[in-house]
Every structure is written in structure tokens, then in C-alpha cells.
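Close look at the chain arrangement
Here is how the chains run, residue by residue.
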Amino acid sequence: MIRSTLSATKRTPLAPRGMVVAEHPLGAEVGAGILKRGGNAVDAAVATAFAMPVVEPFMSSLAGGGTMLVHLARRGETLCVDFNVEAPAAAHETCFELGEGVSTGLFPWRRVVDDANVFGPRSVAVPGSVAGLTLALERWGTMDLADVLQPAITLAEDGFVPDWYVALTTAIFCQELAAFPATAKNYLRDGHYIYRTPALGDGEVFRQPDLGRTLRLLAKDGPAVFYTGAIAQAIHEEMWVKGGMLTKDDLARYAPRVLPALMGEYRGLELAFSPGATGGTTALETLNILAQFPKARTTWKTATGLHLRAEAVSRAFLDRLEHLGDAERVKSPWEGLVSREYAAKVASGLKPNGRRSARRAPDPWRYEMGGRAADCTTHVCAVDRQRNMVSLTNTAVSLWGSRMVVPDTGILLQNGMIWFDPEPGRVNSVAPGKRPLVNMVPALGFKKGEPHLAVGAPGGRKIVSAIPQVISNMVDLGDSPQAAIEAPRLHTEGGDLWVDDRVGETSLKALKRMGHAVVPKRTDPGTLYFSRPVAIRVTKKGLEAGLDPFHDAAAAGI
């Protein structure tokens with residue numbers, strides 16, 4: 001049988017001075033506008049990150065959390081800002097009543113009664129986005145907060161006509177959004193309907209006046225208004241009335257963490273990842289395992305290459321789920337997991353041409369020095385004329401987060417408590433003030449110390465497998481960022497192996513013979529099976545974009 005297939009790509013001219021890539025065209029244009037006004041990469045990335053909850057409201061939020069990598073070219077310094085969510089003081093190991101079966105949310109945790117950790121007031125964790133973004137702007141930006149926020153304010157107050165992507169993602173959750181009055185008021189036309197796209201005449205303008213007022217207040221009074229002022233009080237009152245755990249005291253205590261980047265290398269490409277309880281450790285472990293094999297044997301173009309990729313991702317994920325948690329609360333073999341010696345030991349147990357290995361995993365502690373729903377985010381990359389680089393992930397956690405909007409503020413609350421294992425005694429169990437293990441993998445690349453690559457993605461746990469594959473495509477196949485992102489990918493966490501069916505029937509059958517539980521997936525504009533990476537590569541001729549071809553991701557530059 002023959003059948004038609006969809007082939008999609010995006011083309012972006014080289015930008016000589018600066019570029020921003022984002023998951024929505026209006027966001028990318030905000031960032032490029034900041035660069036055009038003389039702002040640096042941090043200014044542009046922060047402006048874009050504040051605009052994204054306006055134009056892509058289901059993916060990120062002012063009350064969200066995230067991770068940001070910043071490379072300061074003149075100083076030769078690469079830092080990470082961890083502004084991820086944390087558990088409120090009232091949260092504890094047994095704060096959720098356990099039910100029967102497996103959660104319907106993002107993780108195969110034990111199910112919680114009434115899905116209280118999945119949506120609604122008790123799913124809300126302490127937000128970090130405003131604190132992290134404003135800290136980065138204050139330390140490394142060049143522009144005032146009010147100027148950086150103005151594009152987001154304009155988009156919220158003047159509005160925009162949604163495209164198919166925004167309309168579709170709203171329509172799918174329309175019934176759930178309508179169940180929360182403040183949420184329905186903010187995102188649905190007349191509280192019930194989606195705003196029409198240009199597919200019907202000129203479309204309808206989607207305005208968010210409440211969010212516009214909140215952004216103006218933030219521009220006037222700074223982050224203090226969010227964490228100790230009027231916005232904090234509004235969040236506190238909504239949580240108090242609805243039975244949430246988050247309080248104004250939690251907000252007042254919150255502080256981002258500024259950390260050294262996790263440094264690694266893949267076949268000569270120097271890499272910086274986010275450290276600690278993010279996806280950086282797992283991504284680097286995956287690449288370290290692949291590096292034990294010749295590059296010709298680790299590409300997606302052969303069944304053997306797909307097999308080795310699946311084995312590397314699977315082993316890294318098993319380590320991730322067993323060992324990793326908040327680095328300030330959990331003793332984990334951080335250095336052992338990303339060591340080349342550990343990767344070599346893991347690789348020695350893999351069968352490059354044979355069946356899937358059943359060999360027991362080695363113990364990463366020995367290599368320590370001195371001893372289902374859609375989980376969604378948005379991602380921004382920015383590079384300026386000085387070749388400062390930013391890779392920034394911000395999230396509402398699930399699509400539409402907790403589904404709750406704080407009345408009269410336009411602020412969507414995330415559902416960060418879903419990231420914690422609700423059962424006590426686990427590495428990622430709930431504890432007051434603890435940060436959960438998150439999936440973000442912002443990454444930066446260098447050649448001989450010079451800026452070369454900024455890359456990242458939205459897409460939940462699929463981010464963790466996607467970024468190593470994109471990097472491998474660029475290094476092992478010599479792909480451009482666009483080709484590397486467009487290439488078929490796979491994802492596994494030790495069980496089923498999801499594989500983009502564009503790899504071909506021959507490879508799918510071969511993987512099954514090797515013992516993989518293959519689940520073919522067809523990628524198209526309506527799916528989110530393998531995350532949606534974006535990237536910028538620095539070349540001598542200019543800045544080169546890589547964009548997910550099936551969704552709204554876009555680049556804009558100067």
C-alpha cells in the first residue's frame with residue numbers, strides 16, 4: 001500500500017547581528033524588536049519570555065517556573081538561573097490523599113484522590129518566573145524593566161488575532177477552562193467560545209486587559225509587587241478561598257538560585273547544560289553514552305543507530321527517575337552520572353547490533369568524585385551582536401497549568417505540585433520548600449570556547465530525549481539546526497519506544513526484532529509526541545535558525 005506523507009520545513013535568512021527564536025512569531029518579533037533598540041540577548045530573552053504568556057497562554061505563565069542559561073561573551077562566563085517552582089511551606093510527604101491506580105497526569109505516580117495534584121488549588125506551587133526573569137535582567141541586561149515589559153503590555157491590551165495553533169489548543173480545553181469563571185473570562189469569548197481565527201473572515205481580536213494591568217503594575221513597582229505586594233495578596237486570597245496551600249509568606253520567601261552551568265562535551269563540541277534537578281544531567285549522560293560509539297553508528301538513519309539512541313536514552317532515564325531530585329535536598333551521584341567513566345561502563349553493556357540489553361545497570365555512585373497528558377513549556381533562544389547567548393525555558397507545567405486564573409489579574413497559576421511523587425519516602429517526594437525534578441534542558445554550545453549554539457525545547461519529558469538527538473544530528477551528521485530539528489526522533493523511559501514513523505518501515509521492524517516495544521508515531525501539526533526544539537547557530541556569515549516545522553515556532557532577527 002502507498003500513502004501520501006507530509007513534508008514540512010521552515011526557511012530563515014541569516015541574521016548578521018542578532019536573533020531570537022521562540023514558539024510563536026509574535027514572541028520572536030518582540031525579542032528582535034528589543035535587539036533592534038540596542039538591547040542585549042538577556043533583554044531580548046526576558047522581553048520575549050514575558051510576552052509568551054500573552055500570545056501562547058497555555059504554555060507559560062507569570063506564575064510559572066523555569067530555567068535560564070546565560071553566556072556572557074566578554075567575561076567568558078556561563079551561568080544558570082534556576083527559577084523553578086517549589087513546594088509551599090504547608091506541603092509535606094503525605095499532603096495528598098492517595099487513591100487507587102496510576103495518575104492521569106504527567107507522571108506514572110500513584111493516583112491522588114480527585115487529581116488534586118493535577119489541577120485545582122492544591123496543585124499550585126510557589127512560582128518563580130517573575131523573580132528569575134527580573135533577576136537576570138537586573139544582573140546582565142541593559143534595559144529598564146518597564147521598557148522590556150512594554151511589548152507584552154501592548155499585546156495584552158491591544159490584543160491579537162489567534163492563529164490555528166492558539167485556537168486549537170484553546171478549543172481542546174474549552175470545557176475545562178469554562179469550569180473556572182475567572183479562567184473562562186480571561187481566555188474564552190463570552191466565557192464559552194474560542195476567539196475565531198482568520199479562517200473565518202478577519203478573525204476576532206483576543207484581548208487580556210486584566211493581564212495588561214498586572215504587567216503595568218509589575219513595570220511600575222518591580223518584582224516586589226508580585227512577591228510581597230498587591231499581586232501576592234491577590235494570589236494569597238484566591239488560594240485561601242479555594243483551599244490551596246500557597247500563601248503570601250511562601251511568595252515572600254521565594255528566591256531564584258544562580259548556579260554554575262553543568263559543563264560537558266560531545267565529540268569536540270563543548271556544551272553547557274542546566275545543572276541540578278532539571279533535564280541537563282540526563283541529556284549529558286545520554287550524549288556521553290552515545291560518544292562511546294563511532295558517530296556513524298549513532299544516527300537516526302539506520303536501525304542500529306536508532307537502537308543505540310534508544311538504549312542510551314532509556315538507561316539515562318532509568319538513572320534519572322531513581323536518583324535525581326532537588327540538589328539541595330537529595331544526595332545524588334551528580335558527578336558520577338555525567339562522568340565519561342560511567343558512560344563507558346554503561347556502553348559496555350549495550351549490544352550495538354543485537355537484541356536490547358538486559359544487563360543490569362552499573363552503580364553510578366562508584367563513579368562519583370570523592371566516593372501521559374501533555375507537559376508543556378515554552379522555549380526562547382537569543383543571541384546578540386556581542387554573541388552573548390541565552391537559552392530559556394519557562395512553563396505553566398501542564399497545558400493551561402492548574403486551569404485557575406487569579407481573578408482580576410489575568411495570571412494563570414501553574415500546577416507545579418504534579419512534578420512531585422505523592423508517595424512518601426521517594427527521592428522526589430513532597431517536602432516544604434523543596435523543588436521538584438523538572439524536564440527543562442536549555443543548552444548552549446561552544447567551539448574552542450567561542451559561542452556556537454543555543455538550543456532548547458518545550459514538550460515535557462520528551463525534551464530530555466530530544467535535545468541530545470538534535471545535538472547528535474548536528475555533530476554526527478553535520479546537519480544544520482533546521483535539518484537536525486526536522487529529523488525523526490524517538491523517546492523511551494525504559495518501557496515503550498515511541499518512534500517517528502518517518503524512519504521507515506524497515507527500521508521499525510528491525511527495532512522490534514531487537515526487542516524494543518515499538519510504538520510508531522506520526523508527526524503532524526496536531527501532535528506533540530517528540531517536543532518542539534528551537535535553536536540558533538553562530539556562524540561566520542551570521543546567525544542561523546532551527547525551528548520546529550509543524551507548529552508556530554519562528555525566528556526574527558536584525
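About the cut-offs
- Residues numbered from 1 in each chain as written.
- Predicted model: local features only at pLDDT ≥ 70, side-chain atom pairs only at ≥ 80, totals over all residues.
- Heavy atoms only, no water.
- Helix = DSSP H or I, 4+ residues; strand = E, 2+ residues; numbered from the N terminus.
- Rg over C-alpha atoms; globule rule 2.2 N^0.38 Å.
- Buried < 20%, exposed > 50% of the residue type's maximum accessible area, 1.4 Å probe, protein only.
- Areas by Shrake-Rupley, 256 points an atom, 1.4 Å probe, with all protein chains shown as cover.
- Lys, Arg positive; Asp, Glu negative; His and termini not counted.
- Charge placed at Lys NZ, Arg CZ, Asp CG, Glu CD.
- 1 Å grid on protein atoms, 1.4 Å probe; cavity = no way out; pocket = protein on both sides within 12 Å on 5 of 7 lines; lining within 4 Å.
- Points joined across faces, edges and corners; volume = space filled by probe spheres on them.
- Nonpolar A, V, L, I, M, F, W, Y, C, P; charged D, E, K, R; others polar.
- Salt bridge = Lys/Arg side-chain N within 4 Å of Asp/Glu carboxyl O.
- Patch = residues over 30% accessible without salt bridge, like charges linked within 9 Å, V, L, I, M, F, W, Y side chains within 5 Å.
- Disulfide = S-S within 2.5 Å.
- Contact = heavy atoms within 4.5 Å.
- pLDDT = per-residue confidence, 0-100.
- Pairing = 2+ DSSP bridges.
- Axes fitted to C-alpha atoms, helices over the stretch in contact; angles between N-to-C directions.
- Core = buried A, V, L, I, M, F, W, Y, C linked by side-chain atoms within 4.5 Å.

**Notes on the overall build of the protein**
- A count of helices and strands for the protein gives 18 helices and 20 strands.
- Relative to the 2.2 N^0.38 estimate, which gives 24 Å for 558 residues, the radius of gyration of the protein is 22 Å and therefore close to what a compact globule would have.
- The buried share among the 558 residues of the protein stands at 64%.
- Entry remark: accessible area of the protein is about 20700 Å², with carbon and sulfur atoms responsible for 52%.
- Averaged over its 62 positive side-chain charges, the protein has a centre that lies 7 Å from the centre of its 58 negative ones.

**Regarding empty space enclosed by the protein**
- In this structure, the largest cavity occupies an estimated 150 Å³ of space.
- Surrounding the largest cavity, 19 residues form its lining, Arg 489, Thr 523, Phe 530, Ser 531 and Asp 548 being those nearest its centre.
- Of the residues belonging to the lining of the largest cavity, the class tally is nine nonpolar, four polar and six charged.

**Description of unusual backbone geometry**
- Located in the positive-phi region is Asp 115, a residue other than glycine, with phi close to 50 degrees.
- In this fold, Asp 115 is placed in the loop between strand E5 (110–112) and helix H3 (129–140).
- In the Ramachandran plot, Arg 403 falls in the positive-phi region, its phi being about 75 degrees despite a non-glycine side chain.
- Note on placement: Arg 403 falls in the loop between strand E10 (389–398) and strand E11 (405–406).

**A word on the pattern of salt bridges**
- Scanning the entire structure with this criterion turns up 28 salt bridges.
- For the salt bridge of Asp 82 with Arg 257, the shortest nitrogen-to-oxygen distance reads 3.9 Å. A residue pair is termed long-range when its members are at least 10 positions apart, and Asp 82 in strand E3 (residues 77–83) and Arg 257 in strand E6 (residues 257–260) qualify at 175 residues. As far as the burial class goes, Asp 82 and Arg 257 line up, both buried.
- Where Arg 257 meets Glu 328, a salt bridge forms, and the shortest distance between an N and an O atom there is 3.4 Å.

**Concerning a nonpolar patch on the surface**
- A cluster of nonpolar residues, Trp 164, Leu 168 and Ile 172, forms a patch on the protein surface that exposes about 290 Å² of accessible area.
- Considering the arrangement of structural elements, one finds Ile 172 in helix H5 (residues 164–172).
- A residue is classified by how much of its surface remains accessible, and Ile 172, at 59% relative accessible area, is exposed.

**Quick word on the state of the cysteines**
- Enumeration according to the criterion identifies zero disulfides in this entry.
- Lacking any disulfide linkage, Cys 80 is separated from the closest cysteine sulfur, that of Cys 381, by 14 Å.

**Comments concerning the environment of Ala 261**
- Mapped onto the secondary structure, Ala 261 falls in the loop between E6 and strand E7 (262–266).
- A relative accessible area of 14% places Ala 261 in the buried class.
- Here the alpha-carbon distance between Ala 261 and Cys 174, two residues 87 residues apart in the chain, equals 40 Å.
- Leave out the neighbours within four places in its chain, and Ala 261 touches Leu 69, Thr 78, Leu 79, Cys 80, Ala 272 and Phe 273.

**Side note on the environment of Gln 469**
- Mapped onto the elements, Gln 469 comes out in helix H16 (residues 462–476).
- The sequence separation of Gln 469 and Ile 485 amounts to 16 residues, and the corresponding C-alpha distance is 8.7 Å.
- When sequence neighbours within four positions are dropped, the list of residues in contact with Gln 469 reads Arg 309, Arg 489 and Leu 490.

**Looking at the confidence of the model for the protein**
- Averaged over all residues, the pLDDT of the protein is 93; the fraction at 70 or higher stands at 96%.
- Across residues 367–373, confidence stays below pLDDT 50; counting only partners more than four residues off in sequence or on other chains, it has 23 contacts.

**A short note on the layout of surface pockets**
- What the second largest pocket holds in volume is close to 290 Å³.
- Lining the second largest pocket are 14 residues; nearest its centre among them are Thr 5, Leu 6, Ser 7, Asp 501 and Arg 502.
- Of the residues in the lining of the second largest pocket, the class split is four nonpolar, four polar and six charged.

**Let's talk about the sheet that holds strand E18 (residues 534–539)**
- With antiparallel pairing, six strands are arranged side by side in an open sheet as E7-E8-E13-E14-E18-E19. The strands lining the two open edges of the sheet, one partner per strand, are E7 and strand E19 (542–547). Going from strand to strand, the sheet's axes swing by 25 degrees on average, the running direction of each strand aside.
- Of the strands in this sheet, E7 and strand E8 (269–273) are in contact with helix H12 (residues 280–290), which crosses E7 at around 25 degrees.

**Comments concerning the nonpolar core**
- If you look at the biggest cluster of nonpolar residues, it comprises 88 residues, and the most contacted ones within it are Phe 50, Met 68 and Phe 226.
- In terms of residue count, helix H2 (residues 41–55) provides more of this core than any other element does, 12 residues in total.
- Discounting chain neighbours no more than four positions away, the residues touching Phe 226 are Leu 62, Ala 63, Pro 127, Val 130, Ile 231, Ala 232, Ile 235, Leu 251 and Ile 411.
- Among the nonpolar cores identified, the runner-up in size contains 42 residues, and Ile 289, Leu 308, Val 470 and Met 474 belong to it.

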